[in-house]
Structure formats: C-alpha cells, structure tokens
Amino acid sequence: MIEFENVSKVYPGNQVAAKDINMSFERGQFIVFIGTSGSGKTTCMRMINRMIEPTNGRILIDGKDIAKMDAVELRRRIGYVIQQIGLMPHMTIYDNITMVPKLLKWDKDKQRETALRLLERVGMPESYLDRYPSELSGGQQQRIGVIRALAADQNIILMDEPFGALDPITRDSLQTLIKQMQQEMGKTVIFVTHDMDEALSLADRIAILDKGELIQFDTPDNILLNPANKFVEDFLGEDRMNQARSTTQTVDQIMYRYPVTINKNQSTLQALSKMREHRVDSIFVTDDDGVLLGVVDVFDIDQRGRHNEPLTDLMKTCVYVPENTKIRDAIYSIMKLGYRNLPVVDAEYRITGIMTRAAVVESIYNSVWNEEETAEIVVPDVVQTTPTDDSVPPELQQVLEETESQEPAADQVAVTAGGDLK
Ligand SMILES: Nc1ncnc2c1ncn2[C@@H]1O[C@H](COP(=O)(O)OP(=O)(O)OP(=O)(O)O)[C@@H](O)[C@H]1O
Ligand SMILES: [Mg+2]
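Reading guide: rules and limits
Residues numbered from 1 in each chain as written. Chains lettered and ligands numbered in written order. Predicted model: local features only at pLDDT ≥ 70, side-chain atom pairs only at ≥ 80, totals over all residues. Helix = DSSP H or I, 4+ residues; strand = E, 2+ residues; numbered from the N terminus. Contact = placed C-beta atoms within 7 Å. Near = placed C-beta within 6 Å. Nonpolar A, V, L, I, M, F, W, Y, C, P; charged D, E, K, R; others polar. Pairing = 2+ DSSP bridges. Expected span 1.5 Å × (residues − 1). Buried ≥ 20, exposed ≤ 12 C-beta atoms within 10 Å, placed from the backbone. Arc of directions from axis to C-beta. Axes fitted to C-alpha atoms, helices over the stretch in contact; angles between N-to-C directions. Core = buried A, V, L, I, M, F, W, Y, C linked by C-beta atoms within 7 Å.

Student: Looking at this model, I keep getting lost on the overall build of the chain. Mind explaining?
Tutor: In terms of regular secondary structure, the chain is built from 18 helices and 16 strands. Within the chain, contacts between residues separated by at least 24 positions form 66% of all contacts whose residues are at least 6 apart in sequence.

This is the structure in structure tokens:
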C-alpha cells in the first residue's frame, strides 16, 4: 500500500507543484496520474522514489515512512520508466533489459533466463538480445522498455508518459501489453499520462491533478459518472460522459419496475385473465417468495391451457439477468440474441423488473443524442408486446371472455423475501 499524507511540494520561487495531497492505493493496482502540463504529475510520481523530496507531509509504503528509508535502496526497489522509455543506445538489448538485475547482483543464469522469458513474451527472438536499440524499430524499442521495467521484479513501477510519442496502433498494443503483464505479475503501476482515453482504459484508479491539487481520485467509472467539478467534466468531454452512462449504467437503473407476475399455484385461466388485465402477452411465474420460476405466454395457453391447467405444467424457463448487469450487456442479449425482453432478478432471484427493447432503444438514443438523462420508461404497454383485441384469434377471444368472470385474487403475487431459484 502507498499512502500520501498531506504531501506538498513547493519549488524555489514559491512554485507550488503539489498541494496537500492525500490519497492511498493498494498493492497490485494500476494507478494513473493525469492532468494538464505543469499540474504536478511528474513531481508526485518522483516523490514516491525520493527523486524529489516533499516540502511537507509524508509518503508511506506498507506503513513505513519512505523519508526514513535509504534513498538508494528505495529506488532499487521501485522500477522507473522515463518518458519515451530511454534505452541506453550504447548497450545491447540484453544489457538494457538486465540493467537493474545487474545492479541488484542477480546471478548470471537468472538474469539471462529473465531476459529470455520477457523477450519471448513480447514476441521477439533470442537473437535480438545482441542487437543495439538503433537496430530495432521504434515500437520494438518501446516493448523492450516495457519489459526492462518488469525485469528486476520490483513490485512498484513508475512510468512517466511512457507511450507519449507513439502512433495510436503501437500505443494500443503496448497498453494492452503493460496492462496484461501488470495483472499477471501483480505489480503496482503508477503511470503518468495526458491522455484521458489511455487513463480510462488502463487505470484501476485515476488521480486527476490541476495546479498541484488533487481534484479527484477514483475509479474510471465513478469519475465518468460523477465528475468532481467543471474542470473534470471539461477534461472528460461530453461525449465520453454520455457514452459512459450507457456503458457503465446497470439494468436496474433503466428497467421497468412493475413486471406482470403470477404465483405458480394459479391456473392457466387465471394467468390469462391477469394478462388481459395488464394487456400483455406473457407473464412471469414466481413462487411464494417472488422468486422467478419461468414464463407462460398466451400462445401456450391457447394451445395447451384451455382447461384451467396448473401453470407449472405449461411454464417454460426463461433467460434472466441480475440487477447489476451492465446495460451494454443487456443490449447485446436483447438486440443481438433476439430476446424480446429480459426479466431482472435480485441476489435472491426474486424478479424486480424487466428490461425491455423499448428501454434499451431509449438508452441507445440517449447516448447517441447526448441527452442529459436516460429517460425512464413509464408505459407498461411497451413492456411485453401487447396484443390488441383484434390481434387475438377468435377462439382465444372466447376463452378470454369465459375467463373474465373469474376475478383473480388480489394477493396472488408475492414479492417478499427468501427462496432459491428452482
Ligand atoms: N525543479 C523545479 N524547479 C522549479 N519549478 C519546478 C521544478 N520542477 C517542476 N517545476 C514546476 O512545478 C510544476 C509541476 O511540474 P511537473 O513536472 O510535476 O508537472 P507535470 O504535470 O509532470 O507536467 P508535464 O505534463 O508537462 O510533464 C510546474 O509548474 C513546473 O514548472
Ligand atoms: Mg511530467
């Protein structure tokens, strides 16, 4: 764990580069510092390995004040990648990769084995070890820079705009590489960038700096959904925030909250009556606790349920989604897999709502047309495609009429606690 406690840095001439910064991050996280030029990113990063000493406050690593540690020792424990990677031009690729392991006096076999393993990881053959950086393409040099940062097996790695000057494709593939390796190896990476897309795609947590102040420190999703102030909003841009609403919102935020349900102990004709009352063509079957068991539609009843059969005889299983499903995943199921709607269940599998095509379409419109809020769906008719009276076949109409007289009991639908999905 790395903690900043009231950390300030004032350069001579009263130049404030860090102003009373408080934040902490866990081991194994990918932390991104972002801000405009001169906002204090490099300063904050370099204070972690004491290349810069704070004017006030303390930085703790695993609870220990780094000011009390030996600075050289500390720097060896922390990897550091300077802007544009900075391979040593007069050293071979092998010597570049093993620079820090050599300083740490690893034995030769371990150094070689590490260099080979990492080189293989970035898809380069052994022969490259004897080349000089100038004999590699720019992108290949960057890859070497990334693996060099990982070679010494330090747990913490600082990277100051490592991909700043790269073309978008090379940059993309290096971002994927560093993120994968960081996760596989469980490293804590602190990464500086100007680029919000880079920050959003890599970070577990983003620290947004402005004029030496920490404006917001949070997950990408939270920053997108709840920007701390106008500065953060401007930094994110409206497009990203709108897009985020549709990709980070969960189905319970836009679902229709009153799905039509019926208790499993009811009969087909009672179901039909309820469907008619609510003008829907299918109905979700639940147990006494409101747990979703399946679905029955009007056509099943037409074909097999005309004689007041128990609902459980006709009930079909149905696909459902948990409340915390991302809207974009529900969109995929509804639009691409062709489900008409998806029941939404809570942790106990009780049905709490229904995601409809209409809600999905609305959320896509909103994200495309930059509307402020995702509209709430209030019209139950669109929830499950409603058959108009004319669309009901005559024989079914008759069944419906016969059923009308049988009033369904008011408390058929229990939506209380307990139960497992059977
Ligand atoms: N050695 C120094 N002496 C005086 N002022 C400094 C020194 N180093 C940095 N500064 C000032 O401190 C502020 C923060 O600098 P820092 O290098 O941390 O910014 P940064 O966010 O990394 O910027 P960039 O994106 O341009 O790299 C700037 O205003 C800078 O001019
Ligand atoms: Mg900088």
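Student: For this particular structure, what's the right way to read the site of ligand 1?
Tutor: All residues in the neighbourhood of ligand 1 are listed as Tyr11, Gln15, Ala17, Gly35, Ser37, Gly38, Ser39, Gly40, Lys41, Thr42 and Thr43. Elements with a minimum of two residues in the shell around ligand 1: strand 2 (15–25) and helix 1 (41–48). Per element, the largest residue contribution to the shell around ligand 1 is three residues, and it comes from helix 1. Class assignment for the residues of the shell around ligand 1 results in two nonpolar, eight polar and one charged.

Student: Please explain the pairing of strand 1 (residues 2–11) as it appears in this structure.
Tutor: Each regular strand carries side chains that alternate between the two faces of the sheet. Looking at chain direction, strand 1 and strand 4 (residues 56–61) are connected through five bridges and run antiparallel. Across the sheet, residue Ile2 finds its bridge partner in strand 4, namely Ile61. Where strand 1 hands over to strand 2, the hairpin turn is made up of three residues, of which Gly13 adopts a positive phi near 85°.

Student: Quick question: what am I supposed to make of helix 7 (residues 168–185) here?
Tutor: Two residues of an α-helix separated by three or four positions point the same way, owing to the 3.6 residues in each turn. Between its terminal C-alpha atoms helix 7 stretches 25 Å, which fits the 26 Å expected from 18 residues at 1.5 Å a residue. Along helix 7, the positions that sit buried rather than exposed are Leu174, Gln175, Ile178 and Gln182. Take helix 7 and look down its axis: the buried residues cluster within an arc of 110°, on one side only. When the buried face of helix 7 is taken as reference, the exposed residues oriented beyond 90 degrees from it are Ile169, Thr176, Gln180 and Glu184. Buried residues along helix 7 sit against strand 3 (30–35), helix 6 (138–151), strand 8 (188–193) and helix 8 (196–202). One or two positions beyond helix 7, positive phi appears at Gly186, with a value near 65°.

Student: How do you make sense of the sheet that holds strand 14 (residues 321–322) when you look at a structure like this?
Tutor: Across a sheet, strands are paired by hydrogen bonds formed along the backbone, either parallel or antiparallel in direction. Pairing is mixed in the open sheet, where three strands are placed in the order 14-15-16. Two strands close off the open sheet at either side, each with one partner strand: strand 14 and strand 16 (351–356). As paired strands, strand 14 and strand 15 (residues 341–345) are joined by two bridges and run parallel to one another. Note that in strand 15 the partner of Val321 across the bridge is Val344. The strands touched by helix 16 (residues 327–336) are strand 14, strand 15 and strand 16; relative to strand 15, the strand with the most contacts, the crossing angle is about 145°.

Student: I'm lost on the nonpolar core in this one. Help?
Tutor: Side chains of nonpolar character tend, in soluble globular proteins, to be buried together. By size, the foremost hydrophobic cluster in this structure holds 55 residues, and its most contacted members are Val32, Phe33, Leu158 and Phe191. Top contributing element to this core by residue count: helix 6, with six residues. Apart from the residues lying within four places of it in its own chain, the contact partners of Val32 are Phe191, Thr193, Ala199, Leu202, Ala203 and Ile206. Of all hydrophobic cores here, the second largest spans 38 residues; its members include Val251, Val295, Val298 and Ala330.

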